[in-house]
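# Architecture at a glance
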Amino acid sequence: MTEEETKDAILDVETDLKERAKPRPGDIAVSENMLSEAENVIASMANEYITWVKDDITRLEGFFEQFAAKQDASSLHEIFEVSHDMKGQGGSFGYNLITTVTGSLCKVIEALQKKAPPYGEKEVSAIKVHIDAIKLIASEHIKGDGGDVGRQLVDGIDAVKKKLNM
């Protein structure tokens, strides 16, 4: 097509999109059976999830001890990495409150990473409060949003963040 013909061309976008959306040879289709099998695998892993969380908590506590003592960027980064991984997994296994709390912890750390150390007691305590909340959720097997207990935890964390102007 010449430039002039292109200006005057009428495109049938609807037909073009329908054609482009059609499955092509080599495309991978997901069947209901495949989805069902995947859901069963995730459900079977749910019992193992809380064990993984406890391992992650141990790691968080270790990195937190290092951070509280040294206030180094490396420990803070490690806390972020562990909590970020936990954030991504919680909801998949029915622990939405872990996702909420670790997401909040990630935001606190991101805000701290913009400041130069040393940090004050409030900043260090804010991280500790989040880790303690995660420990409670795991030890009590609090699933979903946690109901009244979950709201109280989130409200408490929000109050701590408010004191930090976050």
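Residues numbered from 1 in each chain as written. Predicted model: local features only at pLDDT ≥ 70, side-chain atom pairs only at ≥ 80, totals over all residues. Heavy atoms only, no water.

## Concerning the nonpolar core
Stated precisely, the cut-off is as follows: In plain words, nonpolar cores are sets of buried Ala, Val, Leu, Ile, Met, Phe, Trp, Tyr and Cys residues tied together by side-chain atoms within 4.5 Å. The rule is simple: take the accessible area with a 1.4 Å probe, protein chains only, and divide by the maximum for that residue type; under 20% is buried, over 50% is exposed, in between is partly exposed. Numbering of helices and strands runs from the N terminus; a helix is a DSSP stretch of H or I covering at least four residues, while a strand is a stretch of E covering at least two. The contact criterion used is simple: two residues touch if any of their non-hydrogen atoms lie within 4.5 Å.
With 37 residues, the main nonpolar core has V53, I79, M86, I127 and I137 as its most contacted residues. Broken down by secondary-structure element, the contributors of at least two residues to this core are α3 (32-70), α4 (73-90), α5 (96-113), α6 (121-139) and α7 (147-163). Of the residues forming this core, the biggest block, nine residues, is contributed by α3. Residues in contact with I137, not counting those within four places in the same chain, are Y95, L97, I98, V101, I142 and L153.

## What about the side chain of Q71?
Where we set the bar: Think of a polar contact as two N or O atoms within 3.5 Å of one another; within protein, one of them needs to be a possible hydrogen donor and the other a possible acceptor, and neighboring residues in sequence only count if both atoms come from side chains.
The residue Q71 is located in the loop between α3 and α4 in this model. Overall, Q71 belongs to the buried group, its relative accessible area being 15%. Reaching out from Q71, the side chain makes a polar contact with the backbone nitrogen of Y119 at a distance of 2.3 Å. Setting aside its immediate chain neighbours within four residues, Q71 contacts Q66, P117, P118, Y119 and V124.

## Considering unusual backbone geometry
Look at the link from P117 to P118: it is a cis peptide, with omega at 5 degrees. Positive phi is not limited to glycine here, since Q71 has a value of about 50 degrees. Not every positive phi belongs to a glycine, and H141 is a case in point at roughly 50 degrees. Relative to the helices and strands, H141 is located in the loop between α6 and α7.

## Describing α6
So the rule is basically this: Here the expected length of a helix is defined as 1.5 Å per residue gap, with one fewer gap than residues.
Taking 1.5 Å of rise per residue, the 19 residues of α6 would be expected to cover 27 Å, and the 26 Å separating its terminal C-alpha atoms lies within 8% of that figure. The set of residues buried in α6 consists of E123, V124, A126, I127, H130, I131, A133, I134, I137 and A138. Taken together, the buried residues of α6 touch α3, α4, α5 and α7.

## Focus: a nonpolar patch on the surface
What counts is decided by this rule: Two distance rules govern patches: like charges are joined within 9 Å, and nonpolar side chains (Val, Leu, Ile, Met, Phe, Trp, Tyr) within 5 Å, applied only to residues with over 30% relative accessible area and no salt bridge. With residues, only the protein chains shown are counted as cover, and all accessible areas are computed by Shrake-Rupley using a 1.4 Å probe. What counts as a salt bridge is simple: a side-chain nitrogen of Lys or Arg found within 4 Å of a carboxyl oxygen of Asp or Glu.
A surface patch of nonpolar side chains, about 270 Å² in accessible area, is lined by V30, M34 and L35. Among the secondary structure elements, L35 is positioned in helix α3. Assessed through its relative accessible area of 40%, L35 is described here as partly exposed.

## Thoughts on the pattern of salt bridges
When the charged atoms of two side chains lie near each other, side chains of opposite charge can form a pair. Inspection of the entire model under this criterion finds five salt bridges. Among the ionic pairs, R59 bridges to D56, the shortest N-O distance being 3.3 Å. In this pair, R59 and D56 are both assigned in helix α3, three residues apart and thus about one turn of the helix distant. Given a relative accessible area of 41%, R59 falls into the partly exposed group. A relative accessible area of 12% places D56 in the buried class. Between K115 and E123 there is a salt bridge, with its nearest N and O atoms 3.8 Å apart.

## Description of the environment of I42
Residue placement: I42 occurs in helix α3. Residue I42 is classed as partly exposed on the basis of its relative accessible area, which comes to 37%. When the C-alpha positions of I42 and F93 are compared, they lie 7.3 Å apart, and in sequence the two are 51 residues distant. Every residue in contact with I42, bar those within four places of it in the chain, is listed here: S92 and F93.

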